[in-house]
Amino acid sequence: MTSEREPQLYVNRWGDTSDPVPERRGIRQDACACFDQSRPHPRARVGFHTERQDTSAPGWLRLLELIDEAAADGREEFRPLVELSPEERRQIVTLPPSIARLTMVKHLVLYGSNLVRIPPEIGAMTSLEEFTPYTSYRLHWFPYELTRCQKLSRSTVSTRALFGNYKLRPPFPHLQPDLDSVTELALEDLDPRRWGTTAIHRCSVCDRPIEQAGLRQMWISLRVATDVLPLLVNACSSACVAALPSGAQDYIHMPHKGGRVDQPPSDWD
């Protein structure tokens, strides 16, 4: 008589990110057609998402409250989306700068979000150890300031959704020419189609106010925690660009402007 092994059980790490209440079920994430996330597809150009955050939306206002609560009670895990309805989740396309107050949070969970960008203030979350934006299929890049989270060692990202990922090698958006002066640039009201974001305040490298210098945007792919991420750098000078590290192995070695830039072969090649 053969003995049967007990079936192995696996923990659903994000089980509580789904809302079990039937009347609250609905579409939580908009479709994304920036590039094919299932297989390589020759494409000469991609762009940034153009959505702007509606700061009057109920989901945004509730998110602000949740951040205030988390900052006040010093919690170590922050899962804001489970507190929102599906429609409210769809209203969130970025995070507020006030996430900089979450200095005690060790695990940030943004599973299945509708985010298209994350603000550089995430770099102020100095206790962050684990970052989970998994299945956020419209989130194609991250701010370079994420590298300031020195304790960050674990991440779970949907790799196929990332610009330049090793599986598919989709292109990067072409960045704007360098500016020696930003006096004629509305830094608080930028066009996300051109700049990737709606506001740029400080240098990603030295933290100097951009308004006091110039602006040089660059792409660089670096290993951050578990994953290699495409990072958008907003540098104030050529010296700050020169101070950037080399790109991750099997990725573009130097900081670059995106567009028609040669990448290593994909895993499909």
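Computed from a predicted model, the values in this text were never measured in an experiment.

Chemist: So what about the overall build of the chain? Which residues, and what values?
Modeler: When its secondary structure is counted, the chain shows 4 helices and 7 strands. Listing every helix and strand of the chain by position from the N terminus yields α-β-α-β-β-β-β-α-β-β-α. Evaluated residue by residue, the chain yields a buried proportion of 50% over its 269 residues. Long-range pairs, those at least 24 residues apart, make up 64% of the contacts in the chain between residues at least 6 apart in sequence. Within the structure as shown, the chain displays about 13900 Å² of accessible surface, and the carbon and sulfur contribution to it stands at 49%.

Chemist: Outline the sheet that holds strand β3 (residues 130-132), listing residues and values.
Modeler: By way of backbone hydrogen bonds, the strands of a sheet pair with one another, either parallel or antiparallel. Strand order in the open sheet formed by 4 strands is β1-β2-β3-β5, with parallel pairing between adjacent strands. At either margin of the open sheet sits one strand with a lone partner, and together these are β1 (77-78) and β5 (154-155).

Chemist: Please provide a residue-by-residue account of the packing of aromatic side chains, values included.
Modeler: The way to describe two aromatic rings as a pair is by their centre distance and the angle between their planes. Throughout the structure, instances matching the rule amount to 9 aromatic pairs. Cluster of aromatic residues (ring-pair linked, three or more members): Phe35, Phe48, Trp141, Phe163, Phe172 and Trp219.

Chemist: Give a description of the pairing of strand β6 (residues 216-224) that names residues and reports values.
Modeler: For β6, the tally of buried residues reaches 8 of 9 residues, placing the bulk of the element in the interior. Across 9 bridges, β6 lies against strand β7 (residues 227-235) in antiparallel orientation. Of the residues in β7, the one forming a bridge with Gln217 is Asn234. Between β6 and β7, which follow one another and run antiparallel, lie 2 residues, and Ala225 among them has a positive phi close to 60°.

Chemist: Kindly report on the layout of surface pockets, identifying the contributing residues and their values.
Modeler: Roughly 640 Å³ of volume is contained in the largest pocket. Lining the largest pocket are 31 residues, with Pro119, Pro120, Glu121, Ala199 and His201 positioned closest to its centre. Taken together, the residues of the lining of the largest pocket sort by class into 14 nonpolar, 9 polar and 8 charged.

Chemist: Break down unusual backbone geometry for me, citing the residues and quoting the values.
Modeler: Unusually for a residue other than glycine, Ala225 sits at a positive phi of about 60°. Structurally, Ala225 is set in the loop between β6 and β7. Phi at Asp250 takes a positive value of approximately 70°, unusual for a residue other than glycine. Position of Asp250 relative to the elements: it lies in the segment after α4 (238-242).

Chemist: Describe empty space enclosed by the protein, and please don't skip the residues or the numbers.
Modeler: In this structure the tally under the stated criterion is 2 cavities of 30 Å³ or more. As for the largest cavity, its lining consists of Gly164, Arg169, Phe172, Ile220, Ser221, Tyr251, Ile252, His256, Gln263 and Pro264. The volume enclosed by the second largest cavity comes to roughly 40 Å³. Considering the residues around the second largest cavity, the lining is formed by Pro133, Ser136, Leu139, Phe142, Val157, Ser158 and Leu162. Taken together, the residues of the lining of the second largest cavity sort by class into 5 nonpolar, 2 polar and no charged.

Chemist: Let's hear about the confidence of the model for the chain: which residues, and what values?
Modeler: In the predicted model, the chain carries a mean pLDDT of 91, and the fraction of residues at 70 or more is 89%. In this model, residues 18-23 is a region of pLDDT below 50 whose contacts with residues beyond four sequence positions or in other chains number 6 contacts.

Chemist: Lay out the sheet that holds β7 in plain terms, naming residues and giving numbers.
Modeler: Strand order in the open sheet made by the 3 strands is β4-β7-β6, with mixed pairing throughout. If you trace the sheet from one side to the other, it starts and ends with β4 (142-143) and β6, each paired once.

Chemist: Report on the pattern of salt bridges, specifying residues and quantitative values.
Modeler: In this structure the tally under the stated criterion is 15 salt bridges. Residue Asp30 pairs with Arg90 through a salt bridge whose shortest N-O separation is 2.4 Å. Taken together, the positions of Asp30 in the segment before α1 (58-73) and Arg90 in helix α2 (residues 86-90) put the pair 60 residues apart, joining distant regions of the chain. On the basis of relative accessibility, which here comes to 26%, the residue Asp30 falls in the partly exposed class.

So, how was this worked out
- Residues numbered from 1 in each chain as written.
- Predicted model: local features only at pLDDT ≥ 70, side-chain atom pairs only at ≥ 80, totals over all residues.
- Heavy atoms only, no water.
- Helix = DSSP H or I, 4+ residues; strand = E, 2+ residues; numbered from the N terminus.
- Buried < 20%, exposed > 50% of the residue type's maximum accessible area, 1.4 Å probe, protein only.
- Contact = heavy atoms within 4.5 Å.
- Areas by Shrake-Rupley, 256 points an atom, 1.4 Å probe, with all protein chains shown as cover.
- Pairing = 2+ DSSP bridges.
- Phe/Tyr/Trp six-rings, centres within 6.5 Å; stacked < 30°, edge-to-face > 60°.
- 1 Å grid on protein atoms, 1.4 Å probe; cavity = no way out; pocket = protein on both sides within 12 Å on 5 of 7 lines; lining within 4 Å.
- Points joined across faces, edges and corners; volume = space filled by probe spheres on them.
- Nonpolar A, V, L, I, M, F, W, Y, C, P; charged D, E, K, R; others polar.
- pLDDT = per-residue confidence, 0-100.
- Salt bridge = Lys/Arg side-chain N within 4 Å of Asp/Glu carboxyl O.

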